[in-house]
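Understanding the architecture of this molecule
Here is how the chains run, residue by residue.
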Amino acid sequence: MGGSGQRELEEACLELLRRASTGLPSDVKAGLRRALRSERDPVGRVNLRAILENVEVAEERKVPLCQDTGIPLFYFWMDPSGLNPVRAAARAVRRATQEGLLRPNTVHPLSRRNPGDNLGKELPAVKVLPPRGEGVELAVMLKGAGSENVSRLGMLTPAEGERGLVDFVVGTVREAGGRPCPPVIVGVGVGGTASLSMELAQLSLLRPLPEKHREAPFRRLERELEERINRLGLGPMGLGGRTTCLGVKVEYAHTHTASLPVAVNLLCWAARRFRARLRGGELEWR
Amino acid sequence: MEVKELSLPARRKDVGWLRAGDLLFLTGEVVTARDRAHLRMADLLSRGKELPVDLRDGALYHCGPAVRREGKEWRVLSAGPTTSSRVDPLLPRLLPRLGVRAVIGKGGVGEETKRVMKRMGCVYLAFPGGCGALAARAVKEVRGVHWLDLGQPEAMWVLEVRGLGPLVVAVDPSGRDLYEEVRRRMGA
Ligand code: SF4
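All figures in this text were calculated on a predicted structure; none of them were measured in a lab.

Let us look at the overall build of chain A. Secondary structure summary: chain A contains eight helices and nine strands in total. For 286 residues, the compact-globule estimate of 2.2 N^0.38 gives 19 Å, and chain A sits close to it at 19 Å. Counting only C-alpha atoms, chain A reaches 55 × 50 × 40 Å along its principal axes. When each of the 286 residues of chain A is scored for burial, the buried share is 56%. Counting contacts in chain A only where the partners sit at least 6 residues apart, residues at least 24 apart contribute 80% of the total. Of note, chain A has its 43 positive side-chain charges centred 2 Å away from the centre of its 33 negative side-chain charges.

Structure (structure tokens):
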């Protein structure tokens, strides 16, 4: 693979960042419109209408939807084929920052010094997964601090079981209150180890809203969680209403017989995640 | 739900008619600050130093805007609110010294801050979280920027806004707090 493949990969990353900064994927927009149709609380309705208007304004003016353009997370499903996805992502992040599409957010964790380019040690966050289909599939998610800061890991005991799991997830959303800018998408990772469950929770957020879990027990779990969260009454922005979440996504792994890790990762309504396939130099949106 | 308008600077009597749950559109000058600007304000004031801006009867906006330099001008691209609770511990001492009339943010503030706000006739206004493009559209001019050494989002931006909103009056002058009411209903 020569330089042209690498350049195409960088351009693809940049294009995903541009879309993610200034717009929402269609499943999230549809979810927000559906939420407005069913919301009865007057303050809840004001907030949902503002959100929908904001999306239009951002797309029209090509400016960041939310000023917190977050930390960009990259996913690649590809062969380790001589292309360098980390470098492509890093260069794309720097360019998107220069274009004003990403606010310079990253700082050193202790000195809090801001390098100004959204990069730094271990960044950008890139995950390379085994290839799926032809070419390179890639996804970008912009993860703001408001929703990331209320992530939670619970190392439950097997005895707490599914009941304990549901209470833990619902409690996490309740205690997060308005901080993650509800309505949120709730990502849940069940099983594995502490770090694997966190990873699964984050990965689950890539799944489009209408796509339910492939396995019946987890489909039921997703539905139960969604119902319980939307009965909380927290509402858009934590100011009351029936729309607290747009959906719940669960992913799982087998785990140790003595463990039940449960990880919760919330994605705010500004669910800026886009996915595409790069094939023969062409970008196909998915 | 009533729709109201407010111009800044505002005296205590100008906000007396606001009620929790009202919808508000704001016109005038607002000053942004996040975590680090709050720390610096607190530090300067505790050492008897002056601040670069006068916030008396004005609005403190918990926000770190996304901006772009266009020639000599700054353009605000996106300017929604950030979570107020992170700076809440500093507010009970800071707000009376600043003399602000309104705090704009998201998520609300704690009990002690609310007591102080009630005493000084200061309201808390919730801007819809994440609606940065909507907020930026209401920004008519960047009047100035201070403390850029803290990084672009953490700097203090002085913004002239027209019809900034929809703001929900979340804590009104009587101390009624919408967030608190929602939490109580949830049993949290
Ligand atoms: S939680 Fe999301 S929508 Fe809210 S301010 Fe942060 S990035 Fe924006």
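Having put the structure on the table, let's press on.
This next bit is on the pairing of strand 5 (residues 184-191) of chain A. Residues and elements named next belong to chain A. Where burial is concerned, most of strand 5 is hidden: eight out of the eight residues are buried. Of the pairings in the sheet, the one linking strand 5 to strand 6 (residues 245-253) comprises eight bridges and is parallel in character. In the strand pairing of strand 6, Gly189 is matched with Glu251.

Let us look at the environment of Gly99 of chain B. Residues and elements named next belong to chain B. With respect to the helices, strands and loops of the structure, Gly99 is situated in the loop between helix 3 (91-98) and strand 6 (102-105). Taking C-alpha positions, Gly99 is 11 Å from Val116, a pair spaced 17 residues apart along the chain. Not counting residues up to four positions away in its chain, the partners in contact with Gly99 are Leu55, Arg56, Asp57 and Met120.

Okay, the sheet that holds strand 7 (residues 260-267) of chain A next. Residues and elements named next belong to chain A. Ordered in space as 4-7-5-6, the four strands form an open sheet in which the pairing is mixed. A single partner strand is all that each edge strand has here, and the edge strands are strand 4 (152-156) and strand 6. Here the strands of the sheet are splayed against their neighbours by 15° on average, with no regard to which way each runs.

Right, let's get into the site of the ligand. Taken together, Cys66, Asp68, Gly144, Gly146, Ser147, Pro180, Cys181, Cys268, Ala270 and Arg272 of chain A together with Lys106 and Gly130 of chain B are the residues near the ligand. Per-site note: the chains with residues close to the ligand are chains A and B. Considering only residue class, the shell around the ligand consists of five nonpolar, four polar and three charged.

What follows covers helix 3 (residues 42-61) of chain A. Residues and elements named next belong to chain A. For helix 3, which comprises 20 residues, the first-to-last C-alpha distance of 28 Å matches the rise-based estimate of 28 Å (1.5 Å per residue) to within 8%. Residues of helix 3 that are buried: Val43, Gly44, Val46, Asn47, Leu48, Ala50, Ile51, Leu52, Asn54, Val55, Val57 and Ala58. N-cap assignment for helix 3: the residue whose side-chain oxygen lies 3.0 Å from the backbone N of Val43 is Asp41.

Here we come to the nonpolar core. Ranked by size, the top nonpolar core spans 105 residues in total, and within it Trp269 of chain A together with Ile104 of chain B carry the most contacts. For this core, the element with the most residues is strand 9 (residues 156-171) of chain B, which contributes eleven residues. Look past the residues within four positions of Ile104 of chain B in its chain and what remains in contact with it is Leu26, Val30, Ala59, Leu60, Tyr61, His62, Leu125, Phe127, Leu164 and Leu167 of chain B. Of all hydrophobic cores here, the second largest spans 28 residues; its members include Leu165, Phe168, Val188 and Leu266 of chain A.

Conventions used here
- Residues numbered from 1 in each chain as written.
- Chains lettered and ligands numbered in written order.
- Predicted model: local features only at pLDDT ≥ 70, side-chain atom pairs only at ≥ 80, totals over all residues.
- Heavy atoms only, no water.
- Helix = DSSP H or I, 4+ residues; strand = E, 2+ residues; numbered from the N terminus.
- Rg over C-alpha atoms; globule rule 2.2 N^0.38 Å.
- Buried < 20%, exposed > 50% of the residue type's maximum accessible area, 1.4 Å probe, protein only.
- Contact = heavy atoms within 4.5 Å.
- Lys, Arg positive; Asp, Glu negative; His and termini not counted.
- Charge placed at Lys NZ, Arg CZ, Asp CG, Glu CD.
- Pairing = 2+ DSSP bridges.
- Axes fitted to C-alpha atoms, helices over the stretch in contact; angles between N-to-C directions.
- Near = heavy atom within 4 Å.
- Nonpolar A, V, L, I, M, F, W, Y, C, P; charged D, E, K, R; others polar.
- Expected span 1.5 Å × (residues − 1).
- Polar contact = N/O pair within 3.5 Å; in protein donor to acceptor, adjacent residues only side chain to side chain.
- Core = buried A, V, L, I, M, F, W, Y, C linked by side-chain atoms within 4.5 Å.

Honestly, it's all geometry; don't read function into it.
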